[in-house]
Amino acid sequence: MSRPLSVAVAGLGTVGAGVLKVLRDNADLVSARAGRPIAVTAVSARDRSKDRGVPVAGLRWYDDPVALASDPSVDVVIEAIGGSEGSARALADATIAAGKHLVTANKALLAVHGAELAAAAEAKGVSLAFEAAVAGGIPAIKAVREGLAANRISRVAGILNGTCNYILTQMREHGREFADVLADAQKLGYAEADPSFDVDGIDAAHKLAILAALAFGRPVAFDSVYVEGIRRISAVDIGFATELGYRIKLLGLARQTEQGIETRVHPCMVPQSAPIARVDGVFNAVVAEGNFVGRVMLEGRGAGEGPTASAVVADLIDIARGRFTPVWGASGSALSHAPSVPMSAHVGAYYLRLMVVDRPGVIADVTAVLRDEGISLESMLQRGRSPGEAVPVVLVTHETRESAMSKALAKIAALNTVMEDPALIRIEAG
Ligand code: NAP
Ligand code: HSE
């Protein structure tokens, strides 16, 4: 057997410690599949005295993670610190500059600096591997970039944030409060260091930007992703969704249109019969549509120690074997420069829930606004009767343009019979 692959791990939290555990517990099969042993030889974290749940004594310890890149005995550096800047970025730059392979679970880093990092890795002829960065344990990167490489992909969509899916599932199934469920997700190691990245949709947008780059063979374009999170999803809307035959999911969606590429992350109402509607808890799903393969859906755990470490170790096995794929599936010079389509051009159906004063003529005022913006209604629902008080009214539209919907929403919110900000949720096929 060849000499072991020598690995340095920067960050010994959920992901980094998980990698040490997989390499310890599955050492035999990992070395059989890698063709040689994979040995962690050096580590870095902030607190030397912290119990990592796995022994680190005997490994070279670096207080400065960037120094791992210049350790001459290290072949591969795993960056499991997090964040698009600071130590994570400095380590990624230094590792590639030193001609070493880089494995990272850090979608923020890739979404923001992926284009430069990929160019640097290509120039140095080293791997930049990131299977764990999108959808945790699901081999989504390999599936889209390699498994579906023969296809022209028209759409990728997915549940890309385990924390949000866990929160929405718990709210629906157990009527639990948002903040209470978020605290659980933090304890379970699902949430980002700053959980607003999860609940405000930013983490899902990082992952979508990466998936879209792979699916459409273009440089990663995080700034073009439209983003809305789940903070405004209420128990009232979860109840109406169920009544109307939908589930509310935070989806990331990327689509090739005639104008270019549309990328968006926002809560969606998805028909209960759609396979993605039944993906609950911390599970993620990725759906891709290719011109020869048709529709493919992958489902699995999107966060947590085991699933994420499983993906990181898969990358190490590829590196140990010398399997090498260009970062975005094709070399930098072969990438497309398809334009990004603004959200205002999106066309779809909408769920709109208003709290209106229960008195004659109110619905006529609302529907007059929709008429003026050329928006056609599919259905309307009013529950309860409390003259003079606020009651919920739900409107479901036919397909309409986002720009028309935004104008209508602003006019409806300004009506003096509308008592609070309207709730708008886009409807998607799944
Ligand atoms: P985490 O549990 O917070 O661990 C971060 C680790 O980085 C800690 O061990 C910390 O050291 C270390 N660290 C922080 N700053 C450092 C510095 N300046 N120098 C050296 N070490 C430093 O984070 P995580 O959940 O493992 O996430 C790591 C990365 O994986 C992030 O990019 C995240 O987005 C990504 N990711 C996470 C998951 C998940 O389910 N958690 C899934 C997929 C991807 P101390 O322990 O000493 O404080
Ligand atoms: N915070 C992320 C999530 C971790 O909840 O999905 C996995 O990327």
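Residues numbered from 1 in each chain as written. Chains lettered and ligands numbered in written order. Predicted model: local features only at pLDDT ≥ 70, side-chain atom pairs only at ≥ 80, totals over all residues. Heavy atoms only, no water.

Peer 1: So what about the overall build of the protein chain? Which residues, and what values?
Peer 2: A count of helical and extended segments in the protein chain gives 13 helices and 17 strands. For the protein chain, whose C-alpha radius of gyration is 24 Å, the value lies close to the compact-globule estimate of 22 Å for 430 residues. Along the three orthogonal principal directions, the C-alpha set of the protein chain runs to about 80 × 45 × 35 Å. In the protein chain, buried positions account for 54% of the 430 residues. Considering only contacts within the protein chain whose residues lie at least 6 apart along the sequence, 73% involve residues at least 24 apart. Charged side chains of the protein chain number 43 positive and 47 negative; the gap between the two group centres comes to 4 Å. (Helix = DSSP H or I, 4+ residues; strand = E, 2+ residues; numbered from the N terminus. Rg over C-alpha atoms; globule rule 2.2 N^0.38 Å. Buried < 20%, exposed > 50% of the residue type's maximum accessible area, 1.4 Å probe, protein only. Contact = heavy atoms within 4.5 Å. Lys, Arg positive; Asp, Glu negative; His and termini not counted. Charge placed at Lys NZ, Arg CZ, Asp CG, Glu CD.)

Peer 1: Give me the pairing of strand 4 (residues 76-79): which residues, what numbers.
Peer 2: Here strand 4 shows no split at all, with Val-76 and Ile-78 on one side and Val-77 and Glu-79 on the other all buried. Across four bridges, strand 1 (residues 5-10) lies against strand 4 in parallel orientation. Paired with Ala-10 across the bridge in strand 4 is Glu-79. In terms of strand pairing, strand 4 meets strand 5 (residues 101-104) through four bridges, oriented parallel. (Pairing = 2+ DSSP bridges.)

Peer 1: So, the site of ligand 1: which residues are in play, and what are the values?
Peer 2: What surrounds ligand 1 is a group of 25 residues, the closest being Leu-12, Asp-47, Arg-52, Glu-192 and Gly-304. The separation between an oxygen atom of ligand 1 and a polar main-chain atom of Asp-47 is 2.8 Å. Residue Ser-87 places a side-chain N or O atom 3.1 Å away from a nitrogen atom belonging to ligand 1. Taking 900 Å² as the accessible area of ligand 1 by itself, protein coverage stands at 85%. Residues belonging to the shell around ligand 1 are distributed by class as follows: nine nonpolar, ten polar and six charged. (Near = heavy atom within 4 Å. Polar contact = N/O pair within 3.5 Å; in protein donor to acceptor, adjacent residues only side chain to side chain. Areas by Shrake-Rupley, 256 points an atom, 1.4 Å probe, with all protein chains shown as cover. Nonpolar A, V, L, I, M, F, W, Y, C, P; charged D, E, K, R; others polar.)

Peer 1: Run through the packing of helix 4 (residues 107-124) against helix 9 (residues 202-216), naming residues and quoting values.
Peer 2: Here helix 4 crosses helix 9 at 55°, and the two axes come no closer than 8 Å. As far as their axial angle goes, helix 9 and helix 4 are oblique. Both helix 4 and helix 9 take part in a crossing whose hand is left-handed. Where helix 4 abuts helix 9, its residues Lys-107, Ala-108, Leu-110 and Ala-111 lie against Asp-203, His-206, Lys-207 and Ile-210. Broken down by class, the residue content of the contact of helix 4 with helix 9 amounts to four nonpolar, one polar and three charged. (Axes fitted to C-alpha atoms, helices over the stretch in contact; angles between N-to-C directions. Parallel < 35°, antiparallel > 145°, perpendicular 65-115°, else oblique. Left-handed = near helix turned anticlockwise from the far one by under 90°.)

Peer 1: Describe the domain arrangement of the protein chain, naming the residues involved and giving the relevant values.
Peer 2: Many authors give the size of an interface as the accessible area that is lost as the parts come together. Here the protein chain is described as being made up of domain 1 (5-133), domain 2 (140-301) and domain 3 (347-427). Here the C-alpha centroids of domain 1 and domain 3 sit 51 Å apart. (Domains from an automatic or database assignment.)

Peer 1: Can you tell me about the side chain of Asp-71, naming the residues and giving the values?
Peer 2: The topology assignment puts Asp-71 in the loop between strand 3 (60-62) and strand 4. Polar contacts involving the side chain of Asp-71 include one to the main-chain amide nitrogen of Ser-73, which spans 2.9 Å.

Peer 1: An account of the packing of aromatic side chains is requested, with residue identities and associated values reported.
Peer 2: On inspection of all chains with the given rule, the structure shows two aromatic pairs. Ring geometry for Phe-130 and Trp-328: centres 5.7 Å apart, planes at 55°, overall tilted. Here Trp-328 lies in the loop between helix 11 (305-321) and strand 13 (347-357) and Phe-130 lies in the loop between strand 6 (128-129) and helix 5 (140-147), a separation of 198 residues in the sequence. Comparing Phe-130 with Trp-328, the two get one shared label, buried. For the ring pair Tyr-166 and Tyr-190, a centre distance of 5.7 Å and an interplane angle of 80° mean the geometry is edge-to-face. With Tyr-166 in helix 6 (residues 162-174) and Tyr-190 in the loop between helix 7 (178-187) and helix 8 (196-199), this pair connects stretches of sequence that are 24 residues apart. Judged by relative accessible area, which is 11%, Tyr-166 ranks as buried. (Phe/Tyr/Trp six-rings, centres within 6.5 Å; stacked < 30°, edge-to-face > 60°.)

Peer 1: Describe the site of ligand 2, and please don't skip the residues or the numbers.
Peer 2: Surrounding ligand 2, one finds Lys-107, Asn-161, Gly-162, Thr-163, Tyr-190, Ala-191, Glu-192, Asp-198, Asp-203, Lys-207, Gly-302 and Ala-303. In this structure, an oxygen atom belonging to ligand 2 sits 3.5 Å away from a side-chain N or O atom of Asn-161. Within the side chain of Thr-163, a nitrogen or oxygen atom sits 2.6 Å from an oxygen atom of ligand 2. Computed on the free molecule, ligand 2 has an accessible area of 250 Å², of which 93% lies beneath the protein chains in the complex. At the level of elements, helix 6 and helix 9 are the ones that each hand at least two residues to the shell around ligand 2.

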